[in-house]
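# Commentary on secondary and tertiary structure
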Amino acid sequence: MGFNHRVGTAKIRRLAERAHAGQLFVSGGLFTDHLARVVELVEQYGGSLAQIQAAWLYAVPATGVGAVDLLRRGVSVRVVEMVDLLQRDHDPSRNGISQWPRRDRRAALVRYAVLTDWHRHLSGPDRFGYTSYEHISLADTLSLPRPAAPPPPAAVEIGELVSWRPGAGEHWGPVVRRLQAARGPQALPALLAAYAETVDRGPACCLAEIRSAVYTLVGTPANVPSEQLLDLSRRWWSSTTVWEERVAIKARTASRVPADRTALCAKLGSGDQWVVVAAIEALTGPGDQTEIEALRRIVTKPEPTWQWAHRAAAGRLTRIGGPDAARALEERYLNPMAPPWAGYPEWLNRHEATIVPVLIDKLADPRWQAAAPAALAHLRTAQAVGPLCAGLPTTAFKLAYMDALGRIGDVRAVPALLEQTRHPRHDIRDHALRALAHLDDPRVVDAAIAACDDLHPVVRDRAARILVRHPDERAVPQLLRLCDGPHAARAAAALIHCADERALPTLWHLFFCAPGRQTRHAAGRALARIDGPRRYPPNPDIRVKRAYIWLLGFKPQWQPAGTLRQGLDDTDPIVRARAVQALARLGDTASTPTIRGLLTDPDRRVRAAAATALRTAGSPSA
């Protein structure tokens, strides 16, 4: 379908206005006014027409208008793909926030404009807290202005807070947060006094606030005297309250005064996972046999919920090293949340013979349906193909199963993966095609050809990539269709290997009319390989002329010597250099005197090409 960006933008704006009719923005006013401001920002930052259209539509899917509906209304695939990216949930607490703009910088600009408008029109603390991490990451990635920083906190007079007590209907929260921000030698005693008054009879919300502040101060004890930390550690070391016991260990570690190793090893036998983790983090230096034995009991503890203790103990044993620690690690409990190979992939390679049967058995355990396929994929064991294929239709972790089958690369997985290419979810169809792309089987091309008609653009994009990577004469019609879209360069490159005469009209069109250098060069390489009649450039574009002169050097059957000799006198130095190279490739000795005269050409590229051509022909260059 043809797409007129000028008309399409007006239609897209009307579509957005209908979809958001009556909807209000979070700060008040119409949501469509927010969209207009976002579009204005995208234009201000040099966004393309496709990005402007995506800015109008970025929130439309939330109103029930899906990708298929947008495509049916004539919205371009590029715009729909950006809208799809902008609808995904981006958690500001995850590291992936800084990575997704690099996957699609066009969508990143729209997202930046959206966050900028939110930042300018939200009020109160939300203005600085909401999505600030993502906003800053996008600004740095795109080299655009960062959002305004929040004002510095007001100076805190800690003296008036130490003696404060909540009245009727008041809570500790605001004062506790101010004490935590003030730090200093008076903060921790004041918080501990508040904790003593609240632990047995205070509201649960106040107790949670106080505990959080105490734990934060003990963990990052800036301006907290070591004597206070040591006193707190001694007071709570043998507490019957698990939280107090954890704080005692953390305070002893923060005081930088070495704790008694015997006492810390005794804490390794605690029944609370977080006490154990705190004790392990406090242990430093070389370990002894007592510590190794205590850590061995932890790593062999058959409790899946103890994943953090398992990881901490395994890390400590690794740092200790030696044969005793290695033997303890060999006995480590297979925890699906913290498997032995997490961070140590060489563990799988060392234990491949014994772990593969265990992992295959674990596929039936729902807790292992993510970790087991990942490990089998790392080992690339063909023994797992049958069980993975058998479990694929029913598992909730289809993506992990398909990724494992693709990495193993066994053609026995083709039927199971082909079945998933018909799944209702587009991401599963996409992953099935991605796994099939790793398999050397003719059915892969058939699946990709069928997927070129998929309703979702992501699946069609994956099918195009597969056809490009697996050129086959059966795919020639589909590759020719792909030459009309964003995959033109890759499709033309695939047609090089097909060498099918049916592609000649399309390749000539790309060669003469494609705006991109990569597409034009791929079409030229395909034309150089496929036999067919000569055609002449329909326009005087200098880029096409240079490429055409290069192409003539691969077509002796066209008898292009006359055209190439004319190119030796062209005003463009690149055309002259290409003509020299083409004549040398054709072995045209009649042009040697003219080429020798180009040794004094004003352009160094022409002189270098002439010297190389004369050396190749065995003629003296001077």
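Calculation rules
Residues numbered from 1 in each chain as written. Predicted model: local features only at pLDDT ≥ 70, side-chain atom pairs only at ≥ 80, totals over all residues. Heavy atoms only, no water. Helix = DSSP H or I, 4+ residues; strand = E, 2+ residues; numbered from the N terminus. Expected span 1.5 Å × (residues − 1). Buried < 20%, exposed > 50% of the residue type's maximum accessible area, 1.4 Å probe, protein only. Contact = heavy atoms within 4.5 Å. Phe/Tyr/Trp six-rings, centres within 6.5 Å; stacked < 30°, edge-to-face > 60°. Lys NZ or Arg CZ within 6 Å of the ring centre and 35° of its normal. Salt bridge = Lys/Arg side-chain N within 4 Å of Asp/Glu carboxyl O. Polar contact = N/O pair within 3.5 Å; in protein donor to acceptor, adjacent residues only side chain to side chain. pLDDT = per-residue confidence, 0-100. Axes fitted to C-alpha atoms, helices over the stretch in contact; angles between N-to-C directions. Parallel < 35°, antiparallel > 145°, perpendicular 65-115°, else oblique. Nonpolar A, V, L, I, M, F, W, Y, C, P; charged D, E, K, R; others polar.

Attention now moves to helix H33 (residues 517-529). Over its 13 residues, H33 extends 19 Å from the first C-alpha to the last, a length consistent with the 18 Å expected when each residue adds 1.5 Å. Considered for burial, the residues of H33 that qualify are Thr 519, Arg 520, Ala 522, Ala 523, Gly 524, Ala 526, Leu 527 and Ala 528. Close packing links the buried residues of H33 with helix H31 (488-498), helix H32 (504-513) and helix H34 (542-552).

Turning our eyes to something else, we now look at the packing of aromatic side chains. Under the counting rule described, the total for this entry stands at twelve aromatic pairs. Centre to centre, the rings of Tyr 45 and Tyr 112 are 5.5 Å apart; their planes meet at 65 degrees, and the pair counts as edge-to-face. Placement of Tyr 45 in the loop between helix H2 (31-44) and helix H3 (49-57) and of Tyr 112 in helix H7 (residues 105-121) is noted, with a sequence separation of 67 residues between them. Accessibility assignment for this pair places Tyr 45 and Tyr 112 in one class, buried. Within the aromatic cluster, the residues linked to one another by ring pairs are Trp 508, Phe 511, Phe 512, Tyr 548 and Trp 558. Residue placement shows Lys 301 over the ring face of Trp 306; its charged tip is 4.8 Å from the ring centre. Positioned over the ring face of Phe 554 is Arg 585, at 4.3 Å from the centre of the ring.

Positive phi values are uncommon outside glycine, yet Ser 143 reaches one of about 60 degrees. Relative to the assigned elements, Ser 143 resides in the loop between helix H9 (132-142) and helix H10 (159-162). The class of Ser 143 is exposed, set by a relative accessible area of 67%. Non-glycine residue Arg 380 carries a positive phi angle of around 50 degrees. Among the secondary structure elements, Arg 380 is positioned in the loop between helix H23 (371-379) and helix H24 (385-391). Residue Arg 380 is classed as partly exposed on the basis of its relative accessible area, which comes to 46%.

Here we come to the pattern of salt bridges. Applying the stated criterion to the full structure yields 29 salt bridges. The shortest N-O distance in the salt bridge between Asp 441 and Arg 443 comes to 2.8 Å. The class of Asp 441 is buried, set by a relative accessible area of 13%. Its relative accessible area of 35% is what places Arg 443 among the partly exposed residues. We note a salt bridge from Lys 545 to Asp 570, for which the minimum N-O separation is 2.3 Å. Within this pair, whereas Lys 545 is found in helix H34, its partner Asp 570 is found in the loop between helix H35 (561-567) and helix H36 (573-586), the two being separated by 25 residues in sequence. When its relative accessible area of 35% is taken as the criterion, Lys 545 is described as partly exposed. Through salt bridges with shared partners, a single ionic network connects Glu 293, Arg 296, Arg 297 and Glu 331.

The next subject is the side chain of Ser 233. Within the secondary structure, Ser 233 is located in helix H14 (residues 226-236). According to the relative accessible area criterion, Ser 233 is buried, its value standing at 1%. Polar side-chain contacts of Ser 233 include one of 3.1 Å to the backbone oxygen of Ala 248. Not counting the four nearest positions on each side in its chain, Ser 233 is found in contact with Ala 248, Ala 251 and Arg 252.

For the protein, per-residue confidence averages 83 on the pLDDT scale, and 91% of positions sit at 70 or higher. The least confident element of the protein, judged by mean pLDDT, is helix H8 (residues 126-129) at 46; the most confident is helix H26 (residues 414-420) at 94. Scored below 50 in pLDDT, residues 1-7 shows nine contacts in the model against residues more than four places distant or in partner chains. Counting contacts from residues 124-130, a segment whose pLDDT is below 50, to residues more than four positions away or on other chains yields nine contacts.

Moving on, we come to the packing of helix H25 (residues 398-408) against helix H27 (residues 426-436). For the pair H25 and H27, the least separation of the axes is 8 Å and the interaxial angle reads 10 degrees. Overall, the two elements H25 and H27 adopt an arrangement that is roughly parallel. Residue-level contacts link Lys 398, Leu 399, Met 402 and Gly 406 of H25 to Asp 427, Ile 428, His 431, Ala 432 and Ala 435 of H27. A class-by-class count of the residues in the contact of H25 with H27 yields five nonpolar, two polar and two charged.

The next subject is the environment of Gly 524. Residue position: Gly 524 is located in helix H33. By relative accessible area, Gly 524 is classed as buried at 0%. With 13 residues separating them in the primary sequence, Gly 524 and Phe 511 have C-alpha atoms 6.1 Å apart.

Time to look at the environment of Leu 49. Mapping Leu 49 onto the fold places it in helix H3. For Leu 49, a relative accessible area of 43% translates into the label partly exposed. Sequence separation of Leu 49 and Gly 8 is 41 residues, and the distance between their C-alpha atoms is 9.7 Å.

This part is about helix H17 (residues 273-282). The buried fraction of H17 amounts to eight of the ten residues, a majority that puts the element mostly inside the structure. Among the residues of H17, Gln 273, Val 275, Val 276, Val 277, Ala 278, Ala 279, Ile 280 and Ala 282 are the ones counted as buried. Elements that come into contact with the buried residues of H17 comprise helix H15 (242-254), helix H16 (261-267), helix H18 (289-299) and helix H19 (307-320). Structurally, the start of H17 carries an N-cap: the backbone nitrogen of Trp 274 is 3.0 Å from a side-chain oxygen of Asp 272.

The geometry of helix H5 (residues 77-86) relative to helix H29 (residues 457-469) is characterised by a closest axis approach of 10 Å and an angle of 115 degrees between their N-to-C directions. Here Val 77, Val 80, Glu 81 and Asp 84 of H5 come into contact with H29, specifically with Pro 457, Val 458, Arg 460 and Asp 461. Broken down by class, the residue content of the contact of H5 with H29 amounts to four nonpolar, no polar and four charged.

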